[in-house]
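# Tertiary structure, described
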Amino acid sequence: QVQLVESGGGLVQPGGSLRLSCAASPSILSFNAMGWYRQAPGNERELVASITSGGVTNYADSVKCRFTISRDNAKSLVYLQMNSLSPEDTAVYYCNARRQMGGAYGAWDYWGQGTQVTVSS
């Protein structure tokens, strides 16, 4: 069974920083990519950042200069360092794990429970 456990969300002032953590079981090495998504009220869930098993990263344009995704394979942890936060970053942030299946099976996505990030003064 895949388990993704998120932590690190909370309330932060504009300009502040937070680091989100995602603990994955089984190991993140068993997934083709890990990522962070977010969903604000009334909005669609959107990709924030992702990192492939090969270490290639991808960021949404709105966060690419402020957020950094990283991983610790030995600890099976994925992080999202968020700096220079603004109210527009307020959302529920979800950890995502993607596993590419062979043949016609496509890809399976697994999700954490989400952690609330609120940026407000």
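Above this text is the structure in question.
These lines cover the structure that appears in this document, whether it is placed above or below. Just so we're clear, the structure is a prediction, and the values are computed from it rather than from any experiment.

Let us look at unusual backbone geometry. Geometrically, the link from Ser25 to Pro26 is a cis peptide bond, its omega value of 0° lying close to zero. By the element assignment, Pro26 lies in the loop between strand 3 (18–25) and strand 4 (33–39). One non-glycine residue, Ser76, lies in positive phi territory at about 55°. Inspection of the secondary structure puts Ser76 in the loop between strand 7 (67–72) and strand 8 (77–82). Note on Ser76: relative accessible area 8%, which makes it buried.

What follows concerns a nonpolar patch on the surface. Residues Met101, Tyr105 and Trp108 make up a contiguous nonpolar surface patch of about 360 Å² in total accessible area. By the element assignment, Trp108 lies in strand 10 (residues 107–111).

As a further point, take the pairing of strand 10. Across five bridges, strand 9 (residues 91–100) lies against strand 10 in antiparallel orientation. Residue pairing for strand 10: Gln100 is matched across the bridge by Ala107. Counting the residues between successive antiparallel strands, the hairpin from strand 9 to strand 10 contains six residues, one of them, Gly103, with a positive phi of roughly 60°.

Per the counting criterion, the structure on display carries four salt bridges. Asp89 is the salt-bridge partner of Arg38, the closest N and O atoms lying 3.0 Å from each other. Placement of the pair is Arg38 in strand 4 and Asp89 in the loop between strand 8 and strand 9, with a sequence separation of 51 residues. Since its relative accessible area comes to 6%, Arg38 is described here as buried. Between Arg66 and Asp89 there is a salt bridge, with the nearest N and O atoms lying 2.8 Å from each other. With Arg66 in the loop between strand 6 (57–59) and strand 7 and Asp89 in the loop between strand 8 and strand 9, this pair connects stretches of sequence that are 23 residues apart. Put simply, Arg38, Glu46, Arg66 and Asp89 are held in one network by salt bridges that share partners.

This brings us to the state of the cysteines. The full count for this structure, using the stated rule, is one disulfide. Paired through a disulfide, Cys22 and Cys95 show a sulfur-sulfur distance of 2.0 Å. Across the S-S bond of Cys22 and Cys95 the torsion is about -80°, and the bridge reads as left-handed. With Cys22 in strand 3 and Cys95 in strand 9, this residue pair connects regions lying 73 residues apart in the sequence. You can call Cys22 buried: its relative accessible area is 0%.

With respect to the secondary-structure elements, Gln1 resides in the segment before strand 1 (3–7). On the basis of relative accessibility, which here comes to 86%, the residue Gln1 falls in the exposed class. On a C-alpha basis, the gap between Gln1 and Ser25 in space is 7.8 Å, while along the polypeptide they are 24 residues apart. Residues contacting Gln1, with those up to four places away along its chain left out, are Ser25 and Pro26.

The rules behind the values
Residues numbered from 1 in each chain as written. Predicted model: local features only at pLDDT ≥ 70, side-chain atom pairs only at ≥ 80, totals over all residues. Heavy atoms only, no water. Helix = DSSP H or I, 4+ residues; strand = E, 2+ residues; numbered from the N terminus. Buried < 20%, exposed > 50% of the residue type's maximum accessible area, 1.4 Å probe, protein only. Patch = residues over 30% accessible without salt bridge, like charges linked within 9 Å, V, L, I, M, F, W, Y side chains within 5 Å. Areas by Shrake-Rupley, 256 points an atom, 1.4 Å probe, with all protein chains shown as cover. Salt bridge = Lys/Arg side-chain N within 4 Å of Asp/Glu carboxyl O. Pairing = 2+ DSSP bridges. Disulfide = S-S within 2.5 Å. Contact = heavy atoms within 4.5 Å.

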